[in-house]
Amino acid sequence: MSYLTEDEILKIQNNVRLLSMKEVDDVSRYFFDSKINEYNNFLQIAEKFHDLNVSKTFSP
């Protein structure tokens, strides 16, 4: 897994806006690419769980 360095975060800070979940009515309208493949895959799986109304998963 890769992470952004502090310098990379500073370079993109003007292009990023954090939203409260209260401000977001339909997350499907937003496209998000974190540039981290593992996280993008997680978001795709999480969206499927959301569509199925699954709020928690458990792995032994």
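Summary of the structure given here. (Residues numbered from 1 in each chain as written. Predicted model: local features only at pLDDT ≥ 70, side-chain atom pairs only at ≥ 80, totals over all residues. Heavy atoms only, no water.)

### Quick look at the overall build of the protein
Along its length, the protein carries two helices and zero strands. A burial count over the protein gives 7% of its 60 residues as buried. Element-wise, carbon and sulfur atoms account for 55% of the exposed surface of the protein, whose accessible area totals about 6300 Å². (Helix = DSSP H or I, 4+ residues; strand = E, 2+ residues; numbered from the N terminus. Buried < 20%, exposed > 50% of the residue type's maximum accessible area, 1.4 Å probe, protein only. Areas by Shrake-Rupley, 256 points an atom, 1.4 Å probe, with all protein chains shown as cover.)

### What to know about the packing of aromatic side chains
Inspection of every chain in the model, using the stated rule, returns one aromatic pair. On the numbers, 5.8 Å between centres and 25° between planes, the contact of Y39 with F42 is stacked. Highlighted residues: Y39 and F42, both in helix 2 (residues 37–51), separated by three residues, approximately one helical turn. Using a relative accessible area of 36% as the deciding quantity, one classes Y39 as partly exposed. (Phe/Tyr/Trp six-rings, centres within 6.5 Å; stacked < 30°, edge-to-face > 60°.)

### Comments concerning helix 2
When the terminal C-alpha atoms of helix 2 are compared, their 21 Å separation across 15 residues agrees well with the 21 Å that a helix rising 1.5 Å per residue should span. Positive phi shows up at N53, right after helix 2, with a value of about 60°. (Expected span 1.5 Å × (residues − 1).)

### Comments concerning a nonpolar patch on the surface
Together, L4, I9, I12 and V16 make up an exposed nonpolar region whose accessible area comes to about 320 Å². Tracing the sequence through the fold places I9 in helix 1 (residues 6–12). (Patch = residues over 30% accessible without salt bridge, like charges linked within 9 Å, V, L, I, M, F, W, Y side chains within 5 Å. Salt bridge = Lys/Arg side-chain N within 4 Å of Asp/Glu carboxyl O.)

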